[in-house]
Amino acid sequence: MKSAFVERDAQDVVAHYGSFGIAPDLALRVYTTRLLGRDPKLVLHGGGNTSVKTRVRDLNGEDVEVLCVKGSGWDMGTIEPAGLPAVRLGNLLKLRERDALSDEDMVKLQRANLIDPSSPNPSVETLLHAFIPHTFIDHTHSTAVLGIVDQPNSRELCEEIYGERMGFVRYIMPGFGLAKEAAEVFDRNPKVEGLILDKHGIFTFGANAREAYERMIEMVTLAEVRLTKNRKSVFVSAQLPQSSGALAEIVPILRGAVALPDPKNEGAWKRLVFDFRTSDAILNFVNGADVGRYARGGVITPDHTIRTKNWPMIAPAPDGSKPADFKAAAKAAAAEFVDHYKAYFARNNERAGGTKTMLDPAPRVILVPGLGLFGLGRSKKDARVAADLAEAAVEGITSAEAIGHFSPIGEEDMFDCEYWSLEQAKLGSAKELPLAGQVAVITGAAGAIGFATAKAFAAAGAEVALLDLDGEAARAKAKEIGGAALGLACDVTDDASVRAAFDKISETFGGVDILVSNAGAAWQGRIGEVDDATMRKSFELNFFSHQRVAQNAVRIMLAQGTGGCLLFNTSKQAINPGPNFGPYGLPKAATLFLSRQYALDYGADGIRANAVNADRIRSGLLSDEMIASRSKARGLSEKDYMSGNLLQREVTADDVAQAFLHQALALKTTADVTTVDGGNIAAALR
Ligand SMILES: [Zn+2]
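Residues numbered from 1 in each chain as written. Predicted model: local features only at pLDDT ≥ 70, side-chain atom pairs only at ≥ 80, totals over all residues. Heavy atoms only, no water.

The next thing to look at is the coordination of the zinc ion. The protein atoms that coordinate the zinc ion are Glu125 (OE), His139 (NE2), His141 (NE2) and His200 (NE2), at distances spanning 2.1 to 2.5 Å. Angles of 82 to 167° at the metal separate the 4 donor atoms of the zinc ion, which places the site in the irregular class. Each donor residue of the zinc ion lies on one chain, and together they are spaced E-x13-H-x1-H-x58-H. Of this pair, Glu125 sits in the loop between α4 (103-112) and α5 (126-131) while His139 sits in strand β4 (residues 136-140); the two residues are 14 residues apart in sequence, bridging distant segments of the chain. (Donors = N, O, S within 2.8 Å, 3.2 Å for Na, K, Ca; no water. Tetrahedral: all angles 85-135°; square planar, octahedral: opposite > 155°, others 65-115°. Helix = DSSP H or I, 4+ residues; strand = E, 2+ residues; numbered from the N terminus.)

Right under this line is the structure:
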């Protein structure tokens, strides 16, 4: 591992922050924190922290000695000075005299000593940073160091690698106890350049930012070098089927297998979003004959517990030639995972005096022999975090097994971390959005109604896939929504194009839960004279494409086995024909019937089908020019034309989007038609 420290860059950062009144030591602290945070071999998703001891002026204008330490919620790779809140050092040091301090009291004391009361919570490792006297302190969960400390003989290995240069701290859960123990190890030999924390990570110290950072690089490099010595080849591969089959076929089956019914709401499922990874290193790991032993040993560092759970689910190896067998085997593996988790919880909760509430028992990582691994989460973002940590675990465990035996913290310590109140607080107490964990597909998504619907579903917590004939526009709209929104080109009148889009959605998110079949276009003509080609073109887009996308969605929903929701945009024409609008109204009427047929045929599978019957929405179908010419032809103002309904209100694309959202959330409603037209008695349903 090479130092990325560039003196010129460091000076640029000092000059930049200097112009905002930030002192050079804090600016340099920001610079090297970012260097550490940008290297995934050192820091992943909040798994590390840094500090600097300095002086600042408090709100009374007095000069005080402080510890600026990483605040929770900040990513080291992109940290700013505000992400290193200043805490009164003198008051933190007084705590060392105490025999015990609860985690809750520790957090309160840290907050009470903030210079700026609006700062984020200082790291849970703040006291360790305070009790070590060095000016700059860096802490990471380096994957290479974890390969060394997750060994039964970790202490001897560290002595061999580092001699007297690094102190060795036995495993203690992060908090006051660990801070005191680390300080005692330091006091026994104050010449150490850092500390190795057994089963956890590494700290390095320095008089300046560069020294602490470059010591981190040096110590991690020494661990890397040791891992290359006397390395045995791992792992012996199991006998696997010739071909595992297509990822797009496998993932919905797994996603359905790990979804849990919501006991509080019949018909609702706690679904998870998937993130797939594969590489030679991952395949070597997941294909191993002994994967059940080394993969289920535990977490490489306690910080991972809350994101990945303590062990992954190991799926059966899919056999492309026998896809039907995989579903039952995947369900059995998921049930075994849940039972195992519940037993683990019950055992340890008893030890904790029965005070804990069980988290959901679904896995957060799935290993699939022959294929790769999945990270799982209630959002794509969480799924990616779990997959990143799983990849680090693959590397750490592979290294540990290559030089010895993977031996992490034991079950009781893992439970204490997973059910630690401070760790739970990290995940945030915000209430989940109603569509969290669900995947929604919207066709015609670059148009007014499609885009408004995609935005509404994303705002309700769903992961959204925006399909449009214009792929460029779909991607631009997805980008506008942000997060993990996926924009895809899709010609809904073409079988291969629709299949490819749904495959891509399954590969990206794990499956499909909601379809909003919205793409459409209007053709006109007097019905007795209209040419056959026009009628067929309109039926192709306004009827057959709805059937085509619905069939693809249902195929995936049945593979998942957790129900789903089909929503169709049928327009007022399906009920109340307009003059010369037969070529448009007829296929729309067929699509309205289609939604009822799906409701009837798939109700027993938990798949609902509903339609929205909207009228006169400003969109590609009813452009501003058309509005101008039609209102003029009728002798009305544009406003009166657009609000020519019982309520005399203009109906917008957002109103239609809200109707679709309502139908998606109404778990006891199917075969429904929701009218969104401001009131039109001739189009009212009977
Ligand atoms: Zn740590």
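What follows continues from the structure just given.
What follows concerns the packing of helix α10 (residues 247-258) against helix α20 (residues 495-509). When two helices pack together, their arrangement is given by the angle between the helix axes and the distance between those axes. α20 packs onto α10 with a crossing angle of 50° between their chain directions and a minimal axis gap of 8 Å. By the angle between their directions, the pair α10 and α20 is classed as oblique. Judged by the sense of rotation from one axis to the other, the crossing of α10 with α20 is left-handed. Of the residues in α20, those in contact with Leu247, Ala248, Glu249, Val251, Pro252 and Arg255 of α10 are Arg499, Asp503, Ser506, Glu507 and Phe509. Residue composition of the contact of α10 with α20, grouped by class: 5 nonpolar, 1 polar and 5 charged. (Axes fitted to C-alpha atoms, helices over the stretch in contact; angles between N-to-C directions. Parallel < 35°, antiparallel > 145°, perpendicular 65-115°, else oblique. Left-handed = near helix turned anticlockwise from the far one by under 90°. Contact = heavy atoms within 4.5 Å. Nonpolar A, V, L, I, M, F, W, Y, C, P; charged D, E, K, R; others polar.)

Quick look at helix α22 (residues 582-602) now. Look at α22: 30 Å from first C-alpha to last across 21 residues, which is about the 30 Å you get at 1.5 Å a residue. Inspection of α22 places Gly582, Pro583, Tyr584, Gly585, Pro587, Lys588, Thr591, Leu592, Leu594, Ser595, Tyr598 and Ala599 among the buried residues, and these make up the whole buried set. On its buried face, α22 sits against α21 (532-560), β18 (564-569), β19 (607-614) and β20 (673-676). (Expected span 1.5 Å × (residues − 1). Buried < 20%, exposed > 50% of the residue type's maximum accessible area, 1.4 Å probe, protein only.)

A cluster of nonpolar side chains, namely Leu646, Leu647 and Ile681, defines an oily patch on the protein surface of about 340 Å² accessible area. Structurally, the position occupied by Leu646 is in the loop between α24 (638-642) and α25 (653-665). (Patch = residues over 30% accessible without salt bridge, like charges linked within 9 Å, V, L, I, M, F, W, Y side chains within 5 Å. Areas by Shrake-Rupley, 256 points an atom, 1.4 Å probe, with all protein chains shown as cover. Salt bridge = Lys/Arg side-chain N within 4 Å of Asp/Glu carboxyl O.)

Before going further, it helps to spend a moment on the packing of aromatic side chains. Applying the stated criterion to the full structure yields 19 aromatic pairs. Ring geometry for Tyr341 and Tyr344: centres 5.4 Å apart, planes at 55°, overall tilted. In this pair, Tyr341 and Tyr344 are both assigned in helix α14 (residues 323-351), 3 residues apart and thus about one turn of the helix distant. With respect to class, Tyr341 is no different from Tyr344; both count as buried. Grouping aromatic residues by their ring pairs yields a cluster made of Trp311, Phe337, Tyr341, Tyr344, Phe345, Phe415 and Tyr419. Its end group placed over the ring of Tyr641, Arg616 keeps NZ or CZ at 4.3 Å from the ring centre. (Phe/Tyr/Trp six-rings, centres within 6.5 Å; stacked < 30°, edge-to-face > 60°. Lys NZ or Arg CZ within 6 Å of the ring centre and 35° of its normal.)

Here is the key point about a regular strand: its side chains alternate between the two faces of the sheet. Of the two faces of strand β12 (residues 365-368), the one carrying Val365 and Leu367 and the one carrying Ile366 and Val368 are both buried. Where strand β11 (residues 313-314) and β12 come together, 2 bridges link them in parallel fashion. Residue pairing across strands places Met313 opposite Ile366, the latter belonging to β12. Relative to strand β13 (residues 372-377), β12 runs antiparallel, the two being bridged by 4 bridges. In the strand pairing of β13, Ile366 is matched with Phe374. (Pairing = 2+ DSSP bridges.)

In globular proteins that are soluble, nonpolar side chains generally tend to be buried together. Counting 71 residues, the largest nonpolar core has Val145, Ile148, Tyr162, Ile196, Phe285 and Leu367 as the members making the most contacts within it. The element best represented in this core is helix α15 (residues 380-403), accounting for 10 residues. Once residues lying within four places of it in the same chain are set aside, the contact partners of Ile196 are Val145, Val149, Cys158, Tyr162, Met166, Gly167, Phe168, Val169, Gly201 and Ile202. (Core = buried A, V, L, I, M, F, W, Y, C linked by side-chain atoms within 4.5 Å.)

For the coordinates displayed, the defined rule picks out 41 salt bridges. As a salt-bridge pair, Asp513 and Arg271 come within 3.0 Å of each other at their nearest N and O atoms. Taken together, the residues span a long stretch of sequence, with Asp513 in the loop between α20 and β17 (514-517) and Arg271 in the loop between β9 (269-270) and β10 (273-277) at a distance of 242 residues. Glu540 is paired through a salt bridge with Arg548; the nearest N and O atoms lie 3.0 Å apart. Owing to a relative accessible area of 28%, Glu540 belongs among the partly exposed residues under this scheme. Using a relative accessible area of 13% as the deciding quantity, one classes Arg548 as buried. Several salt bridges share partner residues, and in doing so they unite Arg165, Glu193, Glu211, Arg215 and Glu218 into one network.

This part covers the sheet that holds strand β14 (residues 439-443). Here we have 7 strands laid out as an open sheet, ordered β16-β15-β14-β17-β18-β19-β20, and parallel in their pairing. Each having just a single partner strand, β16 (486-489) and β20 make up the two edges of the open sheet. When strand polarity is set aside, the average angle formed by the axes of neighbouring strands in this sheet is 15°. Sitting on the sheet, α25 is in contact with β17, β18, β19 and β20, with an inclination near 160° to β19.

Turning to the packing of α10 against α21, a few remarks are in order. Remark: α10 packs on α21, axes separated minimally by 7 Å, with the N-to-C direction vectors making an angle of 45°. When the axis of α10 is compared with that of α21, the two are oblique. The segment α10 lies against α21, with Pro252, Ile253, Arg255 and Gly256 engaging Ile556, Ala559 and Gln560. Here the residues of the contact of α10 with α21 sort into 4 nonpolar, 2 polar and 1 charged.

Moving on to the sheet that holds β10. Strands belonging to one sheet form pairs held by backbone hydrogen bonds; the direction of such a pair is parallel or antiparallel. Sheet architecture is open: 4 strands sit in the order β10-β13-β12-β11, paired in mixed fashion. If you trace the sheet from one side to the other, it starts and ends with β10 and β11, each paired once.

For Lys380, the position within the fold is in helix α15. Residue Lys380 is classed as buried on the basis of its relative accessible area, which comes to 4%. Lys380 sits 57 residues away from Gly437 along the chain, and the two C-alpha atoms are 8.3 Å apart. Lys380 has contacts with Val273, Phe274, Asp275, Glu463, Ala484, Thr508 and Phe509, leaving out every residue within four places of it along the chain. Of the polar contacts made by the side chain of Lys380, one reaches the backbone oxygen of Phe274; its length is 3.1 Å. Among the polar contacts made by the side chain of Lys380, one reaches the side chain of Asp275 at a distance of 2.7 Å. (Polar contact = N/O pair within 3.5 Å; in protein donor to acceptor, adjacent residues only side chain to side chain.)

Strand β1 (residues 48-57) sits mainly inside the fold: 7 of its 10 residues count as buried. The pairing of β1 with β4 spans 5 bridges and is classified as antiparallel. Its bridge partner being in β4, Val52 is matched across the sheet by Phe136. In this sheet, strand β2 (residues 63-69) lies alongside β1 in antiparallel orientation, the contact comprising 7 bridges. Each residue of the ladder has a partner; that of Lys53, found in β2, is Leu67. Hairpin remark: β1 followed by β2, antiparallel, with 5 residues in the connecting loop; positive phi at Gly61, about 85°.

As a further point, take the environment of Leu93. Structurally, Leu93 can be placed in helix α3 (residues 89-94). Leu93 gets classed as partly exposed once you look at its relative accessible area, which sits at 38%. It is 6.3 Å that separates the C-alpha atoms of Leu93 and Phe131, two residues lying 38 residues apart in sequence. The residues contacting Leu93, other than those within four sequence positions of it, are Ala130 and Phe131.

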